[in-house]
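Take a look at the letters that make up each chain.
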Amino acid sequence: MSDRSAHRHPRSETLALYAAGGLDEARAVVVATHLTICDECRLEVRDWEALGGIALETVEPAPMSDNALTDFWARAEGAEPATLPASLRAANDFPLEAAQPLRRYLKNGLDGVPWKTVAPGLAQHILQAEGYRPGVLRLLKIAPGVKIPVHGHKDNEVTLILRGAYHDHLGVFQEGDFADLDEDDQHAPVAIGDEDCICLIATSAPLAFKSVVGKIVQPFIGL
């Protein structure tokens, strides 16, 4: 069910799943990138993590195998060291594509993305991330004035605006805003302003386009 109080932020249910490690990689990347600029959502995630810690204290401990520690260190020694420095808290002018959660997927930033045109004024780029189905994490670039055909969602769709802005029935979404939509939501975003609207989108099921045009375009977009 939609939670309008979560407008421009992830729903509490989404943040709780993120804190518990219950999101697939695709949606976790979108949420984590938003968290780099949102104090409010970071605090809520910490609350969920604290609640999870309290809950763990009530769980009956399970015995570990005699070689559990040896196996852990064997796996740790074989892991590649992290090459990216920890990201700093984002200021208002912080480019979201440079945030650590997203930077590993965008080696050359947004300006170096090899866009693929899928319709007039609409281009996308698939990012390699694990999800419920192939191609669940993508960048979508919408030219000013271009409207995505009206569609619903068979499951969850999370969107983070990286550049530009769009408008739909919920209002205006600008850089850093987060749209957390489910099967109760239908919308037709239209890019506004003078620059392309670039969104980071993770979907857990194909979109449900309502118009004939949308249904025709869908196989080419892959959404």
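Bear in mind the structure is a predicted one, so any value in this text is a computation, not a measurement.

S.K.: What's the story with the sheet that holds strand E5 (residues 157–163) in this structure? I'm lost.
M.R.: Adjacent strands of a sheet form backbone hydrogen bonds with each other and so pair up, either parallel or antiparallel. One open sheet accounts for six strands, arranged E1-E2-E3-E11-E5-E8; its pairing is antiparallel. Strands at the two margins of the open sheet, each flanked by one partner only, are strand E1 (116–119) and strand E8 (178–181). Adjacent strand axes in the sheet meet at a mean angle of 25° when their direction is disregarded. Across six bridges, strand E2 (residues 122–127) lies against strand E3 (residues 137–142) in antiparallel orientation. For Gln 124, the partnering residue across the bridge sits in E3 and is Leu 140.

S.K.: Would you mind going over the nonpolar core with me for this structure?
M.R.: Across soluble globular proteins, you tend to see nonpolar side chains buried next to one another. Val 30, Leu 102, Leu 127, Leu 137, Leu 139, Leu 162 and Leu 200 are the most contacted members of the largest nonpolar core, which has 29 residues in total. Looking at this core, the elements that each hand over two or more residues are helix H2 (25–35), helix H3 (39–56), E3, E5 and strand E11 (197–203). At six residues, the largest contribution of residues to this core is made by H2. Non-local contacts of Leu 200, meaning those with residues more than four positions away in its chain, are made with Val 29, Val 30, Thr 33, Leu 102, Leu 127, Leu 137, Arg 138, Leu 139, Val 158, Thr 159, Leu 160 and Leu 162.

S.K.: What's the story with the pairing of strand E7 (residues 171–174) in this structure? I'm lost.
M.R.: Looking along a regular strand, one sees the side chains alternate between the two faces of the sheet. In the sheet, strand E6 (residues 165–168) pairs with E7 via four bridges, with the strands oriented antiparallel. When the bridges of E7 are listed, His 167 appears paired with Val 172. Here E6 folds back onto E7, and the loop between the two strands holds two residues.

S.K.: Mind showing me how you'd approach the pattern of salt bridges here?
M.R.: One side chain can pair with another of opposite charge once the charged atoms of both are near each other. Counted according to the given criterion, the structure contains five salt bridges. We note a salt bridge from Asp 180 to Arg 11, for which the minimum N-O separation is 3.2 Å. In this pair, Asp 180 sits in strand E8 while Arg 11 sits in the segment before helix H1 (12–19), placing the two residues 169 residues apart along the sequence. Taking the relative accessible area as the measure of exposure, Arg 11 reaches 5% and is therefore buried.

S.K.: Would you take a moment to explain the packing of H1 against H2 for this structure?
M.R.: Each pair of packed helices can be described by the angle between their axes along with the distance between the axes. Relative orientation of the contacting elements H1 and H2 amounts to 100°, with a least axis distance of 11 Å. It follows from the interaxial angle that H1 and H2 lie roughly perpendicular. Two secondary-structure elements touch here, H1 through Thr 14, Leu 15 and Tyr 18 and H2 through Ala 28, Val 31, Ala 32 and Leu 35. Per-class residue counts for the contact of H1 with H2 are six nonpolar, one polar and no charged.

S.K.: I tried to follow the pairing of E1 on my own but got confused; where do I start?
M.R.: Summarising the sheet, E1 and E2 pair through three bridges and their orientation is antiparallel. By the bridge assignment for E2, Lys 116 is matched with Gln 124. Joining the antiparallel neighbours E1 and E2 is a turn of two residues, in which Gly 121 adopts a positive phi near 80°.

S.K.: Mind showing me how you'd approach the sheet that holds E6 here?
M.R.: Spatial ordering of the open sheet is given by E7-E6-E10, a layout of three strands whose pairing is antiparallel. Two strands in the sheet have a free side with no partner beyond their single neighbour: E7 and strand E10 (190–192). Each strand axis lies, on average, 35° off the axis of its neighbour in the sheet, ignoring direction.

S.K.: Is there a simple way to think about H2 in this case?
M.R.: An α-helical turn contains 3.6 residues, so a residue and the one three or four places further along point in the same direction. In terms of burial, H2 is largely enclosed, as 10 of its 11 residues are buried. All buried positions along H2 are accounted for by Ala 26, Arg 27, Ala 28, Val 29, Val 30, Val 31, Ala 32, Thr 33, His 34 and Leu 35.

S.K.: Please explain the packing of aromatic side chains as it appears in this structure.
M.R.: Ring pairs (aromatic) are described by centroid distance and by the angle formed between their planes. For the structure on display, the rule yields one aromatic pair. Relative to Phe 173, the ring of Tyr 166 lies with its centre 5.2 Å away and its plane at 20°, an arrangement referred to as stacked. Tyr 166 sits in the buried class, given a relative accessible area of 2%. The cationic tip of Arg 8 hangs over the ring face of Phe 173; the distance from NZ or CZ to the ring centre is 5.2 Å.

Definitions and cut-offs
Residues numbered from 1 in each chain as written. Predicted model: local features only at pLDDT ≥ 70, side-chain atom pairs only at ≥ 80, totals over all residues. Heavy atoms only, no water. Pairing = 2+ DSSP bridges. Helix = DSSP H or I, 4+ residues; strand = E, 2+ residues; numbered from the N terminus. Axes fitted to C-alpha atoms, helices over the stretch in contact; angles between N-to-C directions. Core = buried A, V, L, I, M, F, W, Y, C linked by side-chain atoms within 4.5 Å. Buried < 20%, exposed > 50% of the residue type's maximum accessible area, 1.4 Å probe, protein only. Contact = heavy atoms within 4.5 Å. Salt bridge = Lys/Arg side-chain N within 4 Å of Asp/Glu carboxyl O. Parallel < 35°, antiparallel > 145°, perpendicular 65-115°, else oblique. Nonpolar A, V, L, I, M, F, W, Y, C, P; charged D, E, K, R; others polar. Phe/Tyr/Trp six-rings, centres within 6.5 Å; stacked < 30°, edge-to-face > 60°. Lys NZ or Arg CZ within 6 Å of the ring centre and 35° of its normal.

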